[in-house]
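# Analysis of the macromolecular model
If you want the building blocks of each chain, they are given just below.
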Amino acid sequence: MHSTLLQPLKRTQASVSEQHGFLSEMEAKQHSIKSLKSYPEAGGRSLAAAAGGDVGGYRVGGAEMEMEAKIQKAIDFKLEGHRCYKEKKFREAIGKYHRALLQLKGIHVVDGTTGSEVNLLNQPAAKLTEEQRRAVESTEIECYDSLTACLLQSELVNYERVKEYCLKVLGHQQDHFKAMYRAGIAFYHLGDYECALRYLRDAKCRDPTDTNVLRYIQLTEMKMSKTGQQVRESGKESLG
């Protein structure tokens, strides 16, 4: 009978012991998170992110893994675009480069460098490392540069788009020779001869012997001379 009475008591003690263990574990987790929050970020990553911990119900390490995956996808799409370009599949190449850039656009949002989407989600943004920033920037430059090359192969060239992409490249890298040259071509065909000549002369400074650059400079100067003559002649007619 005594053994029968002791069984509920043992179960009660076991239950209390389990609850105590659970509470201890919860307190330890809370203490761990508080400790991680109390430290400043190191090397662009918080200690919470380095530990892959949960902060505010959101796994910070997951954001970093997602960002790394996006960068790799962008690089993969870029390489597929290069392959299509070599095979002269320009339309497919354009699609691949655009998909790469879409991946990088997502990176800028996660990194908190554009917009406020991440803040609206109330989730801590994972920051890009210096190596990741270089990878993102070089991939963007390559994609926009390659897009202009593809567009110039089209039967009906969208020179407005060529100009836009060239300026994006030059926004990253001011001395990019191909972007200068192609921007000059775009402005020439859009009828903005002054801008065309400026970019073409910049390209000539980079490579004074490039025959394509020299040819377009000559064409642009001829157009400007002809346009100037037409303006002068129209002015004489209005005075007469």
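How each quantity is defined
Residues numbered from 1 in each chain as written. Predicted model: local features only at pLDDT ≥ 70, side-chain atom pairs only at ≥ 80, totals over all residues. Heavy atoms only, no water. Helix = DSSP H or I, 4+ residues; strand = E, 2+ residues; numbered from the N terminus. Buried < 20%, exposed > 50% of the residue type's maximum accessible area, 1.4 Å probe, protein only. Contact = heavy atoms within 4.5 Å. Areas by Shrake-Rupley, 256 points an atom, 1.4 Å probe, with all protein chains shown as cover. Expected span 1.5 Å × (residues − 1). Axes fitted to C-alpha atoms, helices over the stretch in contact; angles between N-to-C directions. Parallel < 35°, antiparallel > 145°, perpendicular 65-115°, else oblique. Left-handed = near helix turned anticlockwise from the far one by under 90°. Nonpolar A, V, L, I, M, F, W, Y, C, P; charged D, E, K, R; others polar. Polar contact = N/O pair within 3.5 Å; in protein donor to acceptor, adjacent residues only side chain to side chain. Core = buried A, V, L, I, M, F, W, Y, C linked by side-chain atoms within 4.5 Å. pLDDT = per-residue confidence, 0-100. Phe/Tyr/Trp six-rings, centres within 6.5 Å; stacked < 30°, edge-to-face > 60°.

### Some points on the overall build of the chain
Along the chain, the regular secondary structure elements total ten helices and two strands. When its helices and strands are written in sequence order, the chain yields α-α-β-β-α-α-α-α-α-α-α-α. For the chain, the residues scored as buried account for 31% of the 240 residues in total. For the chain, the share of sequence-separated contacts (at least 6 apart) that also reach a separation of at least 24 residues comes to 53%. Of the accessible surface of the chain, which amounts to about 15,800 Å², a share of 52% is contributed by carbon and sulfur atoms.

### A look at helix H9 (residues 193-206)
Taking 1.5 Å as the rise per residue, H9 with 14 residues should run 20 Å; its terminal C-alpha atoms sit 20 Å apart, in good agreement. Inspection of H9 places Tyr-193, Cys-195, Ala-196, Leu-197, Tyr-199, Leu-200 and Ala-203 among the buried residues, and these make up the whole buried set.

### Looking at the packing of helix H7 (residues 159-172) against helix H8 (residues 177-189)
At a minimum axis distance of 8 Å, the contact between H7 and H8 shows a crossing angle of 150°. By the angle class used here, H7 and H8 are roughly antiparallel. As H7 runs across H8, the sense of the crossing is left-handed. Note on element contacts: H8 touches H7 through Ala-179, Met-180, Arg-182, Ala-183, Ile-185, Ala-186, Phe-187 and His-189, opposite Tyr-159, Val-162, Lys-163, Cys-166, Val-169 and Leu-170. Of the residues assigned to the contact of H7 with H8, the class counts are eleven nonpolar, one polar and two charged.

### A closer look at unusual backbone geometry
Positive phi, normally seen in glycine, also occurs at Lys-88, with a value near 65°. If you trace the backbone, Lys-88 turns up in the loop between helix H3 (60-86) and helix H4 (90-111).

### Examining the side chain of Lys-96
Mapped onto the elements, Lys-96 comes out in helix H4. Side-chain polar atoms of Lys-96 contact the side chain of Glu-80, separated by 2.9 Å. Beyond its immediate chain neighbours, meaning those up to four positions away, Lys-96 contacts Phe-77, Glu-80, Gly-81 and Cys-84.

### Some words on the nonpolar core
Leu-147 and Tyr-181 are the most contacted members of the largest nonpolar core, which has 44 residues in total. Beyond its immediate sequence surroundings of up to four residues, Tyr-181 is in contact with Leu-200, Ala-203, Asn-212, Val-213 and Tyr-216.

### A word on the packing of helix H6 (residues 130-151) against H7
One way to put it is that H6 packs onto H7 with a least axis distance of 9 Å and a crossing angle of 155°. In terms of their interaxial angle, H6 and H7 are classed as roughly antiparallel. Considering only the axes of H6 and H7, their crossing is left-handed. Together, Glu-137, Glu-140, Ile-141, Tyr-144, Asp-145, Leu-147, Thr-148 and Leu-151 of H6 and Arg-161, Val-162, Tyr-165, Cys-166, Lys-168, Val-169 and His-172 of H7 make up the contact between the two elements. The residue inventory of the contact of H6 with H7, partitioned by class, reads eight nonpolar, two polar and five charged.

### Quick notes on the side chain of His-176
Assignment of secondary structure puts His-176 in the loop between H7 and H8. The exposure class of His-176 is buried, given its relative accessible area of 12%. Reaching out from His-176, the side chain makes a polar contact with the backbone nitrogen of Ala-179 at a distance of 3.2 Å.

### Here we look at the confidence of the model for the chain
Predicted coordinates in areas of low pLDDT are best not read in detail. Here the chain averages 76 in pLDDT, and 62% of its residues register 70 or above. Confidence drops under a pLDDT of 50 for residues 26-60, and excluding neighbours within four residues, the segment shows 26 contacts in the predicted structure. Counting contacts from residues 115-125, a segment whose pLDDT is below 50, to residues more than four positions away or on other chains yields ten contacts.

### A few points about the packing of aromatic side chains
What the rule picks out here adds up to six aromatic pairs. For the ring pair Tyr-85 and Phe-90, a centre distance of 5.4 Å and an interplane angle of 65° mean the geometry is edge-to-face. Overall, Tyr-85 belongs to the partly exposed group, its relative accessible area being 30%. Look at Tyr-181 and Tyr-216: their rings are 6.3 Å apart centre to centre, the planes differ by 75°, and that puts the pair in the edge-to-face class. On the criterion of sequence distance, the pair formed by Tyr-181 in helix H8 and Tyr-216 in helix H10 (residues 211-239) is long-range, its members being 35 residues apart. For Tyr-181, a relative accessible area of 15% gives the class buried. Under the relative-accessibility criterion, Tyr-216 is labelled buried at 11%. Here a set of aromatic residues connected by ring pairs shows up, and it is made of Tyr-181, Tyr-188, Tyr-193 and Tyr-216.

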